[in-house]
Amino acid sequence: MDEVLARKEIVKIGERLYHHGYALANGGNISIRLSSREVLITPTGECLGDLAAEELPKVSMSGKVKPGERRPSAELMSHLNIYHERTDVNGIIHAHPPYATGLAIAGETFDKFAHPETYCVVGRVAVLPYATPDDNPKLVNEPIQHHDVLVMTNHGVLTVGTTLKQAHFKMESLEMLAHAMTVAKIHGAIHYLSEADLKLLDEFKKRHIG
Ligand SMILES: [Zn+2]
């Protein structure tokens, strides 16, 4: 991807995540695969709502940072592991959207779906066990092979896409679902779609979305 456009895209998505409350203070991180050799990622300790396009560190696929670049996000190795595992992925977001994160703290398994359009965007969700930041990279390798959305227990959400925009759609869609599930719980109970309903949606998705 063109580097100037990639830098602008990361700044734009960072502002959206911050202003919608998905990544407050210095939480969350974003990356784009520039080529088979390099990744652009947000710097550590920075607010996603206040990124400077020219200050995003460029990192090699083995994790080397050029001299003079800012220190990359502490979640760099999780991002690099995912780019190694999934050659179709070109954008990754990690954030702490409050409803999805709240459900992850409450032990929600996300193994059933209650909203058809969200299911079409998000697909099946994998829930990772709680881990300290140093252990997160090794937890993503297996589930990311079959899922685009990972919920991290007591932590937050990680989404991937063929583009950063697609990763962002998945993040927003999961948060909308988590919000709606929370409202449904307050007002009664969640009425989930059946496995047969989900299979029909899988077929619909193949025909209309690909
Ligand atoms: Zn986090």
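Residues numbered from 1 in each chain as written. Predicted model: local features only at pLDDT ≥ 70, side-chain atom pairs only at ≥ 80, totals over all residues.

Participant: Quick question: what am I supposed to make of the environment of Val-39 here?
Facilitator: With respect to the helices and strands, the residue Val-39 is situated in strand E2 (residues 38-41). Note on Val-39: 23 C-beta atoms within 10 Å, which makes it buried. Apart from residues lying up to four places away in sequence, Val-39 is in contact with Ser-31, Arg-33, Leu-34, Val-59, Met-61, His-79, Leu-80 and Tyr-83. (Helix = DSSP H or I, 4+ residues; strand = E, 2+ residues; numbered from the N terminus. Buried ≥ 20, exposed ≤ 12 C-beta atoms within 10 Å, placed from the backbone. Contact = placed C-beta atoms within 7 Å.)

Participant: What is the right way to look at the packing of helix H3 (residues 98-106) against helix H6 (residues 164-187) in this model?
Facilitator: The relative placement of two packed helices is expressed as an angle between their axes plus a distance between the axes. Where H3 meets H6, the axes come as close as 7 Å, and the angle between the chain directions of the two elements is 65°. Our pair here, H3 against H6, has a crossing hand that is left-handed. Contacts from Tyr-99, Ala-100 and Leu-103 in H3 reach Leu-174, Glu-175, Ala-178, His-179, Met-181 and Thr-182 in H6. (Axes fitted to C-alpha atoms, helices over the stretch in contact; angles between N-to-C directions. Left-handed = near helix turned anticlockwise from the far one by under 90°.)

Participant: So what exactly am I meant to see when it comes to the pairing of strand E1 (residues 29-33) here?
Facilitator: Remember that side chains alternate between the two faces of the sheet whenever the strand is regular. Most of E1 sits inside the fold, with 5 of its 5 residues counted as buried. Residues Asn-29, Ser-31 and Arg-33 point to one face of E1 and Ile-30 and Ile-32 to the other, with burial holding for every one of them. With 4 bridges connecting them, E1 and strand E4 (residues 91-95) associate as antiparallel partners. By the bridge assignment, Ile-32 is partnered in E4 with Gly-91. Where E1 and E2 come together, 3 bridges link them in antiparallel fashion. Among the inter-strand pairings, Ser-31 is bridged to a residue of E2, identified as Ile-41. Between E1 and the antiparallel strand that follows it, E2, lie 4 residues. (Pairing = 2+ DSSP bridges.)

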